Amino acid sequence: MEKQALPASSCSLVLLEETKKNPLLLSNGSSGGGGGGYPPAATNGSLVPATAVVAGSGSNVMGGACAGPDRKTVAPGYPERETWTRQMDFIMSCVGFAVGLGNVWRFPYLCYKNGGGVFLIPYLLIVFVGGIPIFFLEIALGQFMKAGSINVWNIAPLFKGLGYASMVIVFFCNTYYIMVLAWGFYYLIKSFNSTLPWSTCDNEWNTPSCIEIFRHQDCKNGSLANSTLIGNMTCAELANARSPIIEFWENKVLNLSSGLGEAGQFNWELMLCLMAVWVMVYFCVWKGVKSTGKIVYFTATFPYVVLIILLVRGVTLPGAYDGIMYYIKPDWSKLEEAQVWIDAGTQIFFSYAIGLGALTALGSYNRFNNDCYKDAFVLALINSGTSFFAGFVVFSILGFMAAEQGVDISQVAESGPGLAFIAYPKAVSLMPVAPLWAALFFFMLLLLGLDSQFVGVEGFVTGILDLFPGKHYHRYRREISVAICCLLCFIIDLSMVTQGGMYVFQLFDYYSASGMTLLWQAFWECIVVAWVYGADRFMDDVARMIGYRPFPWMKWCWSFITPCVCMGIFLFHLVNYKPLTYNNQYVYPWWGEVIGWCLALSSMLCIPVSVLYKLFRAKGSFKERWAHLTTPVWGGHHLEYMAPDIKSLTSLSPGTDDNKVIIFESVM
């Protein structure tokens with residue numbers, strides 16, 4: 001594991017710490033004791049070099065904080081930060097986090113529902129005006145500030161509530177997202193049977209309405225009279241029949257109660273699966289990027305191997321061609337519908353994992369001079385390409401399933417858990433050697449979700465640990481913090497392994513990390529960086545890191561286009577809000593909706609509440625409060641990396657004219 005090199009001058013760090021305690025030391029003309037003023041800031045307000053005497057006689061700025069060549073005190077609170085062993089570790093971690101279940105079970109369904117190939121037009125448009133700009137912004141912020149999701153907003157301390165909001169969202173995500181992995185792990189275990197348990201109707205959880213083969217076409221064509229029995233049913237009774245896979249999901253896995261108010265009993269098998277998955281997550285994260293960066297090489301790449309295997313198998317099945325054509329056949333009239341554009345925007349914010357703070361945490365472990373601009377485009381291409389590729393895998397199988405059952409593909413197309421735990425298991429049960437394909441699919445599902453989960457936990461823990469640097473250091477503080485995080489989430493998850501657990505899961509999914517909370521977060525990220533800190537100023541900072549200025553398109557997006565897109569989709573969601581239901585039948589009680597809105601507002605209110613609190617506690621006029629609270633707080637690495645001409649004080653004698661270092665002044 002590489003460590004960041006110590007700064008060329010430890011005295012510069014002492015100066016940095018002192019100036020944070022007393023900002024007047026860096027004010028123009030107020031350095032005192034003969035120290036001269038600093039040159040004016042650049043017109044765009046970016047960091048500009050200035051010289052200041054930091055050692056020598058008692059008349060210096062620091063008053064002798066660095067009183068000689070042997071004084072090497074490093075400012076407390078700035079421990080060395082780990083970096084990725086190789087840059088590919090970062091790429092793989094981002095791929096593992098951003099490429100998840102949504103790429104496989106949500107995008108293909110949205111594509112087919114919203115006009116097939118036509119859906120790619122609004123999708124790609126919003127990728128370039130919303131997805132990539134914010135994806136790049138979050139990675140670049142983390143790399144520039146070398147901090148997690150909270151301390152990264154030291155770039156504009158007044159808006160540190162953005163960090164707390166992202167921590168709340170990612171905590172909720174970590175809590176409920178892992179339930180999908182627990183279900184997938186449960187299905188994976190059940191796949192190791194000669195006969196898949198969801199393929200027959202002779203199990204203890206099946207009802208008299210269960211039927212294995214639906215012969216709808218025979219009934220529609222009138223080839224069978226109502227008096228003719230199909231299994232144990234007539235055609236008239238067939239409408240109320242249930243598939244064994246649906247009964248396995250609802251009666252065995254979920255064992256659903258009557259509603260949210262009836263928790264019922266624990267599902268002990270599911271609880272053990274949940275515990276096993278949390279143990280896996282813990283041991284993936286407990287050592288930090290040293291372990292995470294290695295594990296993702298497997299968890300991020302192996303799903304692609306499985307996808308290719310499933311595609312090869314899928315396209316050889318009867319009906320696969322019809323399924324794929326149903327997926328990509330363009331319907332140009334769909335472009336006139338607003339919902340198509342909203343679906344495209346919402347999907348991008350979900351699949352790019354924007355607003356969760358985890359991308360910021362991953363970026364903070366980059367080398368300061370890493371080309372994160374190029375990385376953002378590469379990762380966006382991988383993410384969107386995976387979504388499109390997964391559609392061919394899913395719809396080749398669904399085409400086969402529709403052909404086998406003699407129904408239209410629209411009747412078997414599902415999204416979300418419906419695709420993963422109903423449609424796809426049903427399809428593989430119709431194949432030869434069904435257990436093999438079922439095990440492959442659920443193993444892929446587990447890996448897709450597992451790396452998203454443990455990188456999400458990594459992002460949360462990084463943000464927490466950054467709040468307690470240096471002086472709170474403990475040898476095992478990371479291991480202890482990860483254990484507490486996992487245990488707390490597991491305790492909350494226990495409510496989701498009861499008979500009423502699915503209602504709780506859907507409540508978290510619909511409100512806590514919904515499109516509205518992510519859009520609200522992305523909107524304020526753009527506003528703070530572009531209008532409070534300064535878009536030109538941040539472009540200069542990015543240029544310092546990567547060696548060249550990004551295309552001005554990024555600045556225009558941060559300043560105007562992306563905030564408008566985010567707020568437009570946010571308002572559309574708000575205006576078209578519908579109360580939560582389960583399976584279009586069960587309507588949540590009023591107190592359930594209140595809990596849901598509390599989950600949503602717990603993150604959204606962090607931003608305005610923290611801004612008002614900080615302004616209220618500050619002193620002076622509003623202009624003085626604003627200027628003070630929006631002045632960035634720099635870290636030690638800024639002096640190290642942003643002063644190429646810095647000289648090592650260890651080779652200088654006190655009191656010489658050469659005993660000067662380059663520091664940087666931030667002026668609003």
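## Some remarks on the packing of helix 14 (residues 338–351) against helix 21 (residues 515–546)
Moving on, step 1. With their axes 10 Å apart at the nearest point, helix 14 and helix 21 run at an angle of 75° to one another. Put simply, helix 14 runs roughly perpendicular to helix 21. Mapping the contact onto sequence places Thr346, Phe349 and Phe350 in helix 14 and Gly515, Leu518, Leu519 and Ala522 in helix 21.

## Quick look at the state of the cysteines
Moving on, step 1. All told, the structure shown has one disulfide when counted by the stated rule.
Moving on, step 2. Across the disulfide from Cys201 sits Cys210; the S-S distance is 1.9 Å. Between Cys201 and Cys210, the S-S torsion sits near -70°, and that sign places the bridge as left-handed.
Moving on, step 3. Taking relative accessible area as the criterion, Cys210 reaches 12% and is therefore assigned buried.

## A look at a nonpolar patch on the surface
Moving on, step 1. On the surface, a nonpolar cluster with roughly 380 Å² of combined accessible area is contributed by Leu272, Met275, Val279 and Phe283.
Moving on, step 2. By the element assignment, Val279 lies in helix 10 (residues 268–285).
Moving on, step 3. According to the relative accessible area criterion, Val279 is partly exposed, its value standing at 41%.

## Description of the confidence of the model for the chain
Moving on, step 1. Chain-level statistics for the chain give a pLDDT mean of 79 and a share of 79% at 70 or above.
Moving on, step 2. Within the model, the stretch residues 1–78 combines pLDDT values under 50 with 154 contacts to residues more than four positions away or in other chains.
Moving on, step 3. Within the model, the stretch residues 644–668 combines pLDDT values under 50 with 76 contacts to residues more than four positions away or in other chains.

## Points about the packing of helix 16 (residues 372–405) against helix 17 (residues 417–429)
The relative placement of two packed helices comes down to the angle between their axes together with the axis-to-axis distance.
Moving on, step 1. For the pair helix 16 and helix 17, interaxial distance at closest approach is 9 Å and the crossing angle is 60°. In this view, helix 16 runs oblique relative to helix 17, as classed from their interaxial angle. The two elements helix 16 and helix 17 cross, and the hand of that crossing is left-handed. Judged by residue contacts, Val393, Val394, Ile397, Leu398, Phe400, Met401 and Gln405 of helix 16 engage Leu419, Ala423, Tyr424, Lys426 and Ala427 from helix 17.
Moving on, step 2. Its residues placed into classes, the contact of helix 16 with helix 17 shows 10 nonpolar, one polar and one charged.

## With respect to the packing of aromatic side chains
Moving on, step 1. For the structure shown, the criterion picks out 64 aromatic pairs.
Moving on, step 2. Their ring planes at 50° and their centres at 4.8 Å tell us that Tyr503 and Tyr586 sit as a pair that is tilted. Pair noted here: Tyr503 is in helix 20 (residues 501–512) and Tyr586 is in strand 3 (residues 586–587), with a separation of 83 residues, a long-range link.
Moving on, step 3. Tyr586 sits in the buried class, given a relative accessible area of 19%.
Moving on, step 4. Aromatic pair Tyr510 and Tyr511: ring centres 5.0 Å apart, planes at 80°, arrangement edge-to-face.
Moving on, step 5. Since its relative accessible area comes to 32%, Tyr510 is described here as partly exposed.
Moving on, step 6. For Tyr511, a relative accessible area of 2% translates into the label buried.

## Notes on the environment of Thr386
Moving on, step 1. Tracing the chain through its elements places Thr386 in helix 16.
Moving on, step 2. Owing to a relative accessible area of 4%, Thr386 belongs among the buried residues under this scheme.
Moving on, step 3. Through-space distance from the C-alpha of Thr386 to that of Val99 is 7.5 Å; in sequence the pair is 287 residues apart.
Moving on, step 4. Apart from the residues lying within four places of it in its own chain, the contact partners of Thr386 are Val99 and Tyr304.

## A closer look at helix 2 (residues 87–98)
Moving on, step 1. In this model helix 2 runs 17 Å from its N-terminal to its C-terminal C-alpha over 12 residues, within 8% of the 16 Å that 1.5 Å per residue would give.
Moving on, step 2. Every buried residue belonging to helix 2 is among Asp89, Phe90, Ile91, Met92, Ser93, Cys94, Val95, Gly96, Phe97 and Ala98, and all of these are buried.

## Quick notes on the pattern of salt bridges
Moving on, step 1. In total, this model carries seven salt bridges according to the counting rule given.
Moving on, step 2. Among the ionic pairs, Lys113 bridges to Asp343, the shortest N-O distance being 3.4 Å. Of the two residues, Lys113 is situated in helix 4 (residues 107–113) and Asp343 in helix 14; the sequence distance between them amounts to 230 residues.
Moving on, step 3. A relative accessible area of 8% means that Asp343 is categorised as buried.
Moving on, step 4. Arg549 is paired through a salt bridge with Asp540; the nearest N and O atoms lie 2.3 Å apart.
Moving on, step 5. Its relative accessible area of 17% is what places Asp540 among the buried residues.

The rules we used
Residues numbered from 1 in each chain as written. Predicted model: local features only at pLDDT ≥ 70, side-chain atom pairs only at ≥ 80, totals over all residues. Heavy atoms only, no water. Axes fitted to C-alpha atoms, helices over the stretch in contact; angles between N-to-C directions. Helix = DSSP H or I, 4+ residues; strand = E, 2+ residues; numbered from the N terminus. Parallel < 35°, antiparallel > 145°, perpendicular 65-115°, else oblique. Contact = heavy atoms within 4.5 Å. Disulfide = S-S within 2.5 Å. Buried < 20%, exposed > 50% of the residue type's maximum accessible area, 1.4 Å probe, protein only. Patch = residues over 30% accessible without salt bridge, like charges linked within 9 Å, V, L, I, M, F, W, Y side chains within 5 Å. Areas by Shrake-Rupley, 256 points an atom, 1.4 Å probe, with all protein chains shown as cover. Salt bridge = Lys/Arg side-chain N within 4 Å of Asp/Glu carboxyl O. pLDDT = per-residue confidence, 0-100. Left-handed = near helix turned anticlockwise from the far one by under 90°. Nonpolar A, V, L, I, M, F, W, Y, C, P; charged D, E, K, R; others polar. Phe/Tyr/Trp six-rings, centres within 6.5 Å; stacked < 30°, edge-to-face > 60°. Expected span 1.5 Å × (residues − 1).

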